[in-house]
Structure formats: structure tokens, C-alpha cells
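# Structural description and commentary
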Amino acid sequence: MPSMRAAVCHVFGEPLLVEEVSLPAPGPNQVRVELAAVAICHSDIAFAEGAWGGDLPAVYGHEASGRVAEIGAGVNDLAVGDHVVVTLIRSCGECKYCRSGYEVACATTFEENAPLRDAEGNPVYPAMKTGAFAEEVVVHRSQLVAIDERISLDAAALLGCGVITGVGSVTNVADVQPGSNVVVIGSGGVGLNVVQGAALAGAAAIVAIDLVDDKLQAAKEFGATHIVNASSEDVAAAVASVTGGEMADQVFVTVTAKAAFDEAPTLLAPTGAVVLIGLPPTGVTSTFIPLTLADQSQRMLGSKLGAARISIDIPRLVRLYEEGRLKLDELITGRYPLEEINEAIASVERGEALRHLIVF
Ligand SMILES: [Zn+2]
Ligand SMILES: [Zn+2]
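Residues numbered from 1 in each chain as written. Chains lettered and ligands numbered in written order. Predicted model: local features only at pLDDT ≥ 70, side-chain atom pairs only at ≥ 80, totals over all residues. Heavy atoms only, no water.

## A closer look at the overall build of the protein
Where we set the bar: Secondary structure is summarised from DSSP: a helix means a run of H or I of at least four residues, a strand means a run of E of at least two, and numbering begins at the N terminus for each. Computation of the radius of gyration draws on C-alpha atoms, with the globule rule given as 2.2 Å multiplied by the number of residues to the power 0.38. Note on contacts: a residue pair is in contact if any heavy atoms of the two residues lie within 4.5 Å. In this description, accessible areas are obtained by the Shrake-Rupley approach with a 1.4 Å probe, and a residue is regarded as covered only by the protein chains that are shown.
Broken down by element type, the protein carries 11 helices and 18 strands. Its C-alpha radius of gyration of 20 Å places the protein within 12% of the 21 Å reference for a compact globule of 360 residues. Projected onto the principal axes, the alpha-carbon positions of the protein cover approximately 65 × 40 × 40 Å. When contacts within the protein are restricted to residue pairs at least 6 apart in sequence, long-range pairs at least 24 apart make up 68% of them. Of the accessible surface of the protein, which amounts to about 15,100 Å², a share of 51% is contributed by carbon and sulfur atoms.

As C-alpha cells, then:
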């Protein structure tokens, strides 16, 4: 079995340890990918802190890119050396959810990926079907999308989660129409992609809300028409002022704080929709007023990974990037070697990152 370096979580909340582990050969319909880059997503950090439980020791990381290194039986449409985006969306293509375009809700139970092995032969689990804080991954064919070799693999990595989630929430889940008034709570990696998705969709007003002025400035560069710092401004009054009292057609919640989920419905216009993207820890509850939602025909829409159909959405996003209409390079705020992953995570937690990459 080939051996590689991976950043392993042994205890929730403690630093990851970079160590040698061995990798299984790809089974049927699986592919081994040599990674070029993997982004640090907030979900990786939440998992490593124990927000959602899961088996340990584990390797997180799920927003990646690389080159195909080895192909399992039954994979006929990829070749060794192909450049690919690696995602955590594993789908069968045949269940009712896949057939209706919701690969992210695929109901088929797959055999779990074979675990990695440490030096003593003990299992190390690749989390989120991926385990990409590592030099290589073995994943199901459905998790990969081949891309043009001219696209930088650093930029392409971001298409694996944050970009498809943000833009997909606008186009696939909320179906934002030209002229809409949009509010985006949170201007991090996903929030900025909601902002640029809303701009691509032709929204008239795009109000970005955050607590950090630097992030709000970034939101402006990604297409926000108005910015509101919620630590010093009254958010509802600001949204009312921007929309001439109409309030928002869509409110996207890209953060995980309970207060944001509680406030979001209060910012809606009649018939508007809250789109829930951020994933709070297990057990967090939110409160809303059912009378208002029912009486005003308002909606709440969950958006797992922007309901991405990766084989369709990723090539479209690549094309927008090539045409200069989708920003990817501007999202990259830092590049770290695997050995410095804990420093990279600490920097994300200090709010310094749009997206930090581990590069190989
Ligand atoms: Zn993610
Ligand atoms: Zn399926």
C-alpha cells in the first residue's frame, strides 16, 4: 500500500498531527487522486472541534483538487493524469433524489471508503467521504469532476465546496430573479460566493452583513451594493432603508450563530425566503413567528451544498471563471504546507481568511 502524509485528528479540539499513513488501493468505481490543493472550510474546523461527533482518529478536508493517479474497476471516463475537482458529494445517479437533481440528498448507502492505516495498522477514518487533509485521497468516481488543465488547481479546489454552496444556493435553491433584493448574513468564504452568485443572477440590491469591516470590504469587491456592520448598526433598519421599506426577497444565512437564524425571517418581504446554509452544532434551535410566515407566504429553504449537481455546475462555474465573471483567485488568502495546518486553522478562527489553502 502506498504511504503518504495526512493531518490526523486524534482528540476533538486538539491540534492535528501530521503523520505517515497508508492508503488503500481504489476499489470498484473508486479513483485515487494526488492532491494539489485543499481548502480549509469551516465545516472541517467544526468537525475537528467535535461539533457533530464522528469516528476518531479521522482525517478531515473535503474541498480539494488534484490529478488522477490510479483508477478502480468500472471507471471508464477518467485517465491517469486528468485534473479533477474533488468534492464530498457522493451520488448513485439512480435513486429518486439523484434523478430529480438532488445528488446532495442521494439516498443510496455506499460501502464506506476503506480506512487509511497508521504505522501499527490501526484504522484512520477519512471523514466526509473524502479525508483530503492528506497528500492523496481515494474517493468514489461520482465525487470528481474533470476540468481543463489550463485552470489553476489552486483556484479549482475552491469549486469543491464553498463556491458551489454559495453560488448554488442562489441559482439552484433560491432561484433569485433579476431585480431582487438580497440580504447575505456573513461575508466569509461561502457568504462572498452568495454575494457573487446574486450579482451574476442580476439582483438589484445585495446587502452584505458581517461583524468584521475587512470582510465587508471584500463583500463590496464581490458585488455587494450595501454593507452593514451588525456590531454597530441596526440591521433591520438598514435593510428597510436600502429596499425602500420593502425588505428582502431572499435572506441567506451563511453563518452558524443562533441569533442570525432568529433574525433572518424578520428581514423578509412578503413571499420572501430565508435560505439556511450555515451548519450550527447539533442541538442548536432557532425561533420564528409562524403567523407571519403563513400570513405572508414566506418560506424557509435548507440548502445543503447549494443543491449542487457537480457534473453540471462545476463546468459552468469554470466557464464563468475563464470569462472573468466569477472570482476564485481573490478568495485565496493564504497558502500553507501540510505541516503548518494548525497555524492555518488558527488563522481561519481569528477571522483572517476568506479561504486558506493547504498546497502540496
Ligand atoms: Zn465545506
Ligand atoms: Zn442517489
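Now that the structure has been shown, we can carry on.
## Some details on the packing of aromatic side chains
Inclusion rule: What counts as a ring pair is set by centres within 6.5 Å for rings of Phe, Tyr and Trp (its six-membered ring), and what kind of pair is set by the plane angle: stacked under 30 degrees, edge-to-face over 60, tilted for all other angles. Only protein chains enter the accessibility calculation, which uses a 1.4 Å probe. A residue is then buried if its area is under 20% of the maximum for its type, exposed if over 50%, and partly exposed in between. Our definition puts a charge over a ring when NZ of Lys or CZ of Arg is within 6 Å of the ring centre and also within 35 degrees of the ring normal.
By the definition in use, this model includes two aromatic pairs. Look at Phe47 and Tyr60: their rings are 5.7 Å apart centre to centre, the planes differ by 20°, and that puts the pair in the stacked class. Of this pair, Phe47 sits in helix H1 (residues 42–48) while Tyr60 sits in the loop between strand E4 (58–59) and strand E5 (63–71); the two residues are 13 residues apart in sequence, bridging distant segments of the chain. When its relative accessible area of 18% is taken as the criterion, Phe47 is described as buried. Given the relative accessible area of 2%, Tyr60 is considered buried. Joined through ring pairs, the aromatic side chains of Phe47, Trp52 and Tyr60 make up one cluster. Sitting above the plane of the Phe222 ring, Lys327 keeps its charged end 5.9 Å from the centroid.

## Considering the packing of helix H4 (residues 162–174) against helix H10 (residues 310–322)
Convention followed: Between N-to-C directions, angles span 0 to 180 degrees; the directions come from axes that are lines fitted to C-alpha atoms, helices contributing only their stretch in contact. Angle categories are assigned with fixed cut-offs, so that under 35 degrees is roughly parallel, over 145 is roughly antiparallel, 65 to 115 is roughly perpendicular, and the rest are oblique. Ten residue types, Ala, Val, Leu, Ile, Met, Phe, Trp, Tyr, Cys and Pro, are classed as nonpolar, four, Asp, Glu, Lys and Arg, as charged, and the remainder, Gly among them, as polar.
It is the contact of H4 with H10, at a shortest axis distance of 11 Å, that shows an interaxial angle of 100°. The angle between H4 and H10 places the two elements in the roughly perpendicular class. On the side of H4, the interface is formed by Val163, Ile164, Val167 and Asn172, while H10 contributes Ile310, Asp313, Ile314 and Leu317. A per-class count over the contact of H4 with H10 returns six nonpolar, one polar and one charged.

## Comments concerning the environment of Ala79
When you line up the elements, Ala79 lands in the loop between E5 and strand E6 (83–86). What Ala79 contacts, discounting residues up to four positions off in sequence, is Val68 and Ile71.

## Looking at unusual backbone geometry
Cis geometry marks the peptide bond from Leu56 to Pro57, where omega comes out at -5°. In this structure, Met247 is a non-glycine residue whose phi angle is positive, near 75°. Here Met247 is to be found in the loop between helix H7 (235–242) and strand E14 (248–253). Judged by its relative accessible area of 14%, Met247 falls in the buried class. At Thr271, a position not held by glycine, the phi torsion is positive, near 70°. The topology assignment puts Thr271 in strand E15 (residues 268–276).

## Re the coordination of the zinc ion (ligand 1)
Spelled out, the test is: Any nitrogen, oxygen or sulfur atom within 2.8 Å of a metal ion counts as a donor, with the limit raised to 3.2 Å for Na, K and Ca, and since water is left out, coordination shells can look unfinished.
At 2.0 to 2.2 Å from the zinc ion (ligand 1) lie its protein donor atoms, namely Cys41 (SG), His62 (NE2) and Cys161 (SG). All donors of the zinc ion (ligand 1) belong to a single chain; written as a sequence motif, their spacing is C-x20-H-x98-C. Taken together, the residues span a long stretch of sequence, with His62 in the loop between E4 and E5 and Cys161 in the loop between helix H3 (153–157) and H4 at a distance of 99 residues. Here His62 matches Cys161 in class, with each residue buried.

Fair warning: the whole summary comes from geometry, so function is off the table for now.
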